[in-house]
Amino acid sequence: MQRPNSLGHLSVIIIFMMVMILPLLGTLLYSISTSWSSGLLPDGITLKWYTSLFADHRFLQAMMNSVLVCLGALLLTLVLVVPTAFIVFYYFPFLKPFMNFIILLPFAVPPVVSSVGLLQIYSNDVVTLTGTPWILLGAYFTVALPFSYRAIANNMANLNLQDMLDAAHLLGASTFRAFFTIVLPNLKTGLMVSLFLSFSLLIGEFVFANILVGTRFETVQVYLFNMKTRSGHFSSAVVVSYFLIIVLMTILAGQWGKKQ
Amino acid sequence: MSFLRVDGLEKKYDDSFVFSHIHFSLEKGEFVTLLGPSGCGKSTLLRCIAGLTQVDDGQLFIDGVNVTDTPARQRGIAMVFQSYALFPNMTVRENIAFGLKMQKVPPSEQSKRVNEAVELVELGGKEQRYPSELSGGQCQRVALARSLVVRPRILLLDEPLSALDARIRKNLREQLRSIQKELGLTTLFVTHDQEEALTLSDRILLMNNGKIIQNGTAEEIYTEPADAFVVRFIGNYNLLSAEQAHQVLGIQSQKQVAIRPESIYVREEGRQYPEHVRHPVRGEVVDYLLLGNVIRYRIKVSNVELLVDLLNRSSERLFPAGANLELLFNTHEIREVDEENSAIG
């Protein structure tokens, strides 16, 4: 291997880290400054934006709504995607190309377009789902589907599914039992990747949430949008809090995954 | 009465047969090998016997009972796969105990039988390891223990040694045979390796194109090949056309003629040969290969190249390329064989 050119390589890493971290640091600094308009540095430091944010019941409710609807959509995704992937891989492998096509469909239709379509369909007298979290569950399922299916399918492709299931059958296990005792535990990596990817994507989703539900079931992104006129410092505090909560939840989920 | 009887099994995908009219039987405690080239249908046949693949026709009897439509998990058959098929989320101990759990064997009995199985395959001390922490040979021993611990009526082995390197394969082969003999287990072994088949088996079923071409002991298969396919597949026979046979041996035959390399002698001055070693011809050494205890010569006789195996006794007996030698043939070992079209069963 070629010897690393330490200065050149290090500067690439430093530039990359700066591009990633500087906006966050700027937002953090802005969120704890009293005002920052005339100088290079803020005029003063304060936690008043955070105090007022966490005292706002609407923010806490929006955060709770976001987490709930995301977890609901993820649960729906896993309950549908894992058995589907298993059935495709084990019983109907010839359907794999078809599945690969189906899961790409959500990318083909921009969220704004599908939101308008969903509004038309689910705002009639027979089925009225717009303005409720249920329509978000469905819409978020389609957003999470490609990431979930891909992660689980990749994991499944690495398992020797046919031989493992055959061995389990010969040892006396039913397919149902083999699925829960052998297949599912071996999909842990795929499931974790799928959950992390989908969760971080869904919690930041704005278009569906704003168009389909709006303030009737306010998520954190919609709350942030609605608060944009209040104060830049306050909005920065929302962004930093949102970021820290996501990081915290990711760490907790990671720890839980390790324990499992 | 045979312990396992396969009666006219047939399997096809779409309109093409994987195998057809398969008839054979296994006695209790017998070690039989299904030998054949890749794609001849032997693994599919094994899966049909295990109940993992449905047959299209024919019947299967175990201990006199028709099990053709019995689900795999109720047949009392265990199988070891080429890919090991261990469960990666379970330790060695959990893998071995899996079948016992499914059979709802009491925990104390489970523990005792797992310990016995671990000892049998010499995996003591590795019970808490995961498959990813084991070598290929160790994984296959776990798979073997997992199959043996449920005390199957029949053990099926689907190319269990193919993924292992030569040294481990040889050791495990010997271990496998000794365990099978010790437990008196009725075993059906699938391989494409003729050396493995010849060394391990009580009997060999030689398959080609979905049919059993020959059914016999290793000795019978090796010395009495049923047709030209067996000749080509087993050993390094010299296979001569009728015309070449006439040219080299002076034999008038309508069929092809096969003769093993070790049945051809290089005449030594002063040595007396039995009556059946005759047809002297002269040939020229093209080149040779040192195969350890045997030297394999390529010798040209009247434009026909013959393989001749001689024991590697000392360097004095090494004939260089271009050497002119007199060859003799053991007439008891000259076989006339049909083209590849015969099938029994």
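The shown structure was predicted, so the numbers you read here are calculated from the model rather than taken from an experiment. (Residues numbered from 1 in each chain as written. Chains lettered and ligands numbered in written order. Predicted model: local features only at pLDDT ≥ 70, side-chain atom pairs only at ≥ 80, totals over all residues. Heavy atoms only, no water.)

**Here's the deal with the overall build of chain B**
When you go through chain B residue by residue, the secondary structure sums to 9 helices and 18 strands. Viewed in the frame of its principal axes, chain B has a C-alpha envelope of about 75 × 45 × 35 Å. A total accessible area of about 16,000 Å² is found for chain B, and carbon and sulfur atoms account for 45% of it. Across chain B, the centroid of the 40 positively charged side chains sits 6 Å from that of the 46 negatively charged ones. (Helix = DSSP H or I, 4+ residues; strand = E, 2+ residues; numbered from the N terminus. Areas by Shrake-Rupley, 256 points an atom, 1.4 Å probe, with all protein chains shown as cover. Lys, Arg positive; Asp, Glu negative; His and termini not counted. Charge placed at Lys NZ, Arg CZ, Asp CG, Glu CD.)

**A closer look at the interface of chain B and chain A**
How big an interface is tends to be expressed through the accessible area that disappears when the partners come together. Residue-level contacts link 20 residues of chain B with 18 residues of chain A. Taken together, the two surfaces of chain B and chain A that pack against each other cover about 1,700 Å², and 66% of this comes from carbon and sulfur. Run the count over chain B and chain A and you get 1 salt bridge. A salt bridge links Arg47(B) to Asp166(A), with the shortest nitrogen-to-oxygen separation between them at 2.6 Å. At the junction of chain B with chain A, the criterion picks out 5 residue pairs in polar contact (both at pLDDT 80 or more). Elements with a contribution of two residues or more to the side of chain B that touches chain A: α1 (42-50), β6 (77-80) and α2 (92-102) of chain B. If you tally residues by element for the side of chain B that touches chain A, the top one is α2(B), at 3 residues. When the residues that make up the side of chain B that touches chain A are grouped by side-chain class, the tally is 14 nonpolar, 3 polar and 3 charged. (Contact = heavy atoms within 4.5 Å. Buried area = accessible area lost by both parts, 1.4 Å probe. Salt bridge = Lys/Arg side-chain N within 4 Å of Asp/Glu carboxyl O. Polar contact = N/O pair within 3.5 Å; in protein donor to acceptor, adjacent residues only side chain to side chain. Nonpolar A, V, L, I, M, F, W, Y, C, P; charged D, E, K, R; others polar.)

**Examining the pairing of strand β15 (residues 294-301) of chain B**
All names here are of chain B. Counting buried positions along β15 gives 6 out of 8 residues, so the element sits mostly inside the fold. Pairing of strand β14 (residues 277-290) with β15 involves 6 bridges; the strand directions are antiparallel. Of the residues in β15, the one forming a bridge with Leu290 is Ile295. From the end of β14 to the start of β15, which pair antiparallel, there are 3 residues, and Gly292 there has a positive phi angle of about 85°. The antiparallel pairing of β15 with strand β16 (residues 304-311) creates a hairpin that spans 2 residues between the two strands, and Ser302 there sits at a positive phi of about 45°. (Buried < 20%, exposed > 50% of the residue type's maximum accessible area, 1.4 Å probe, protein only. Pairing = 2+ DSSP bridges.)

**What to know about the sheet that holds strand β5 (residues 65-66) of chain B**
Adjacent strands of a sheet pair through backbone hydrogen bonds, lying either parallel or antiparallel. Residues and elements named next belong to chain B. Spatially, the 4 strands line up as an open sheet ordered β2-β1-β4-β5, and their pairing is antiparallel. Both edges of this open sheet fall to β2 (16-26) and β5, since each of them pairs with a single strand only. Direction of pairing for strand β1 (residues 4-13) relative to strand β4 (residues 57-62): antiparallel, over a ladder of 5 bridges. Looking at β4, one finds that Leu4 is bridged to Ile62. With respect to the sheet, α1 is in contact with β1, β2 and β4, its orientation differing from that of β2 by roughly 60°. (Axes fitted to C-alpha atoms, helices over the stretch in contact; angles between N-to-C directions.)

**Quick notes on the pattern of salt bridges**
All names here are of chain B. Under the criterion given, the structure shown has 22 salt bridges over all chains. A salt bridge links Arg177 to Asp202, with the nearest nitrogen and oxygen atoms 2.7 Å apart. Highlighted residues: Arg177 in helix α5 (residues 166-183) and Asp202 in the loop between α6 (194-200) and β9 (203-208), separated in sequence by 25 residues. What emerges from the salt-bridge pattern is a single network uniting Glu224, Arg260, Glu262, Glu333 and Arg335.

**What about unusual backbone geometry?**
All names here are of chain B. Positive phi, close to 55°, is recorded for Asp63, a residue that is not glycine. Along the chain, the position of Asp63 falls in the loop between β4 and β5. Owing to a relative accessible area of 41%, Asp63 belongs among the partly exposed residues under this scheme. Phi is positive for Glu159, close to 45°, though the residue is something other than glycine. One can find Glu159 in the loop between β7 (154-158) and α5.

**Overview of the domain arrangement of chain A**
Residues and elements named next belong to chain A. Examined at the domain level, chain A breaks down into domain 1 (1-46) and domain 2 (50-259). Domain 1 and domain 2 are separated by 31 Å when their C-alpha centres are compared. Between domain 1 and domain 2, the contact holds 10 residues from the first and 8 residues from the second. Here domain 1 packs against domain 2, burying approximately 670 Å² in sum over the two surfaces, 73% of which is carbon and sulfur. Three residues stand out in domain 1 for area buried against domain 2, namely Leu24, Tyr30 and Ser31, and they jointly supply 61% of the buried area on that side. Here domain 1 and domain 2 share 3 residue pairs in polar contact (both at pLDDT 80 or more) between them. Among the residues making up the side of domain 1 that touches domain 2, the classes are represented as 5 nonpolar, 5 polar and no charged. (Domains from an automatic or database assignment.)

**Considerations on the packing of aromatic side chains**
Inspection of the entire model under this criterion finds 20 aromatic pairs over all chains. Here Phe86(A) and Tyr90(A) contribute two aromatic rings whose centre-to-centre distance is 5.6 Å and whose plane-to-plane angle is 15°, an arrangement assigned as stacked. Highlighted residues: Phe86(A) and Tyr90(A), both in helix α3 (residues 57-90), separated by 4 residues, approximately one helical turn. We classify Tyr90(A) as buried; its relative accessible area is 11%. Counting every residue linked through ring pairs, the aromatic cluster contains Phe86(A), Tyr90(A), Tyr91(A), Phe92(A), Phe94(A), Phe176(A), Phe179(A) and Phe180(A). The aromatic ring of Phe225(A) is capped on one face by Lys228(A), whose charged end is 4.1 Å from the ring centroid. Above the ring of Phe61(B), the side-chain terminus of Arg5(B) is found at 4.3 Å from the ring centroid. (Phe/Tyr/Trp six-rings, centres within 6.5 Å; stacked < 30°, edge-to-face > 60°. Lys NZ or Arg CZ within 6 Å of the ring centre and 35° of its normal.)

**Notes on a nonpolar patch on the surface**
Taken together, the side chains of Leu10(A), Ile13(A), Ile14(A), Phe16(A), Met17(A), Met18(A), Met20(A), Ile21(A), Leu22(A), Leu25(A) and Leu28(A) make up a nonpolar region of the molecular surface, amounting to roughly 1,000 Å² of accessible area. Structurally, Ile21(A) is set in helix α1 (residues 6-31). (Patch = residues over 30% accessible without salt bridge, like charges linked within 9 Å, V, L, I, M, F, W, Y side chains within 5 Å.)

**Concerning the sheet that holds β9(B)**
All names here are of chain B. With respect to topology, 6 strands assemble into an open sheet ordered β6-β7-β8-β3-β9-β10, the strand pairing being mixed. Lying at the two open borders of the sheet, with one neighbouring strand each, are β6 and β10 (211-216). Pairwise comparison of adjacent strand axes, ignoring direction, gives a mean angle of 20° for this sheet. By the bridge criterion, 4 bridges tie strand β3 (residues 31-35) to β9 in an arrangement that is parallel.

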